[in-house]
Structures are given as structure tokens and as C-alpha cells.
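# Structural description and commentary
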Amino acid sequence: MKIPMTIDGQAQLRKELENLELSLSEIADAIGEAIKHGDLSENADYHANKNKQGMVLAKIAQIKSRLANAQVIDVTRLAKSSRVVFGTTVTLVNLETENRDVYQIVGEDEADIASQKLSINTPVARALISREQGEVVEIDGSDQLIRYKIEKVEYI
């Protein structure tokens, strides 16, 4: 199954992979040092570093799999329209409070609400996909229905 991600999301995953692969040599050195201390059955440093090595190897495998299955989307190369699609940046206006929120719809791995990056898998993003600039969307909040107007759709 293809995993949608932006060019930035792919670059972030590649950087994380590079950092993890670099940390493997440090972990291997720590394991080697722990082995020098003798009896491995009661060597906490050895067991801790072997555990850490296993977790890093699992994370590396996960990232490699996600990159291999990535469907990288460059939103700047898409045909521009007023329709919300994966990768677009959307300005929403809450019709009750008139507050404006700006979100980019991104892949699951790159989502970060503090950076205004909203996962494609969230209810808000799913409600926005294929909608047009100027449309009103209703999103079921935790305890109420929230109405937003799509003020702007940008392919940036």
C-alpha cells in the first residue's frame, strides 16, 4: 500500500534514517566495551545496549519500509485549483469564533499540529479533501459540530 508524503516529509524520514544508522556504530562500540567487562549474564550495560540496538534496527526497518512504499507528492507541481488535495495549505475560518487556522495536509509521518501540519488521516483533513475554496464544512468536534469556511487553498 502506498503511503502519501510530501517532499519535506520524505527528506525528514531520510534524515532520521541517516541519524539512526550513525547511532548504530556508537551502540556497537558501547556493546564492545561492555563485552570487555566480562560475564554477560549480569552485565547491565551490555543488555541495555543490545536492547537499544534492537530498537534502533527495528526503527530503521520501519523507516526503510515507509520510504520504499512512499508516494511522494510535490504539491507545487500539481495543477492549481481551488480544491483541497493532499499537500495543500488550507486557511479555515471558524464560523462561530471567526478564528483563522492554517494547516497543510500531510502524511501521517510528518504530521505535527504545532507546525500546523495535519495528518491526512485526521477527521478534519478527511472532511476537507476534495472540498472547494469558499465551501463550508462541518466537523464533528468532541462535543459539538464545528462549522468552518474554507477561506483559501494554496499549492505551496
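Preceding this paragraph is the structure being described.
Our subject in this report is the structure included herewith. Values in this document were obtained by computation on a predicted structure and should not be read as measured data. (Residues numbered from 1 in each chain as written. Predicted model: local features only at pLDDT ≥ 70, side-chain atom pairs only at ≥ 80, totals over all residues. Heavy atoms only, no water.)

## Describing the pattern of salt bridges
Scanning the entire structure with this criterion turns up 10 salt bridges. A salt bridge links Lys36 to Glu33; its shortest N-O distance comes to 3.8 Å. Look at Glu33 and you get partly exposed, because its relative accessible area is 40%. Arg77 is the partner of Asp74 in a salt bridge, and the nearest nitrogen-oxygen pair spans 3.2 Å. (Salt bridge = Lys/Arg side-chain N within 4 Å of Asp/Glu carboxyl O. Buried < 20%, exposed > 50% of the residue type's maximum accessible area, 1.4 Å probe, protein only.)

## A short note on the pairing of strand β4 (residues 100-106)
Residues in a regular strand point their side chains to alternate faces of the sheet. Bridge count between strand β3 (residues 89-94) and β4: 5 bridges; the pairing is antiparallel. Across the sheet, the residue bridging to Thr89 is Gln104, located in β4. Hairpin geometry of β3 and β4 is characterised by an intervening segment of 5 residues between the two adjacent antiparallel strands and by a positive phi of about 65 degrees at Glu98. Pairing between β4 and strand β5 (residues 117-119): 3 bridges, direction parallel. Each bridged residue has a counterpart across the sheet, and for Ile105 the counterpart in β5 is Leu118. (Pairing = 2+ DSSP bridges. Helix = DSSP H or I, 4+ residues; strand = E, 2+ residues; numbered from the N terminus.)

## Side note on helix α1 (residues 7-35)
Between its terminal C-alpha atoms α1 stretches 42 Å, which fits the 42 Å expected from 29 residues at 1.5 Å a residue. Listed in full, the buried residues belonging to α1 are Gly9, Gln10, Leu13, Leu17, Leu20, Ser23, Leu24, Ile27, Ile31 and Ala34. Contacts made by the buried residues of α1 are with β1 (3-6), α2 (44-68) and β2 (70-73). (Expected span 1.5 Å × (residues − 1). Contact = heavy atoms within 4.5 Å.)

## Points about the nonpolar core
Residues Val84, Val90, Leu92, Ile105, Leu128, Val137 and Ile150 are the most contacted members of the largest nonpolar core, which totals 18 residues. A total of 3 residues in this core trace back to one element, the largest contributor, which is strand β7 (residues 145-154). Each residue touching Leu92, except ones within four places of it in the same chain, is listed here: Asn99, Arg100, Asp101, Tyr103, Leu128, Tyr148, Lys149 and Ile150. If you look at the next biggest cluster of nonpolar residues, it comprises 15 residues, including Ile3, Leu20, Ile63 and Leu67. (Core = buried A, V, L, I, M, F, W, Y, C linked by side-chain atoms within 4.5 Å.)

## A look at the packing of α1 against α2
Where α1 meets α2, the axes come as close as 9 Å, and the angle between the chain directions of the two elements is 160 degrees. By the angle between their directions, the pair α1 and α2 is classed as roughly antiparallel. Note on packing geometry: the crossing formed by α1 with α2 is left-handed. Here the residues of the contact of α1 with α2 sort into 15 nonpolar, 4 polar and 9 charged. (Axes fitted to C-alpha atoms, helices over the stretch in contact; angles between N-to-C directions. Parallel < 35°, antiparallel > 145°, perpendicular 65-115°, else oblique. Left-handed = near helix turned anticlockwise from the far one by under 90°. Nonpolar A, V, L, I, M, F, W, Y, C, P; charged D, E, K, R; others polar.)

## Points about unusual backbone geometry
Of note in this structure, Gln116 is not a glycine but carries a positive phi near 65 degrees. Positive phi, close to 75 degrees, is recorded for Ser130, a residue that is not glycine. Mapped onto the elements of the fold, Ser130 is located in the loop between α3 (123-128) and β6 (136-140).

In short, the description is geometric, and any link to function would need to be established separately.
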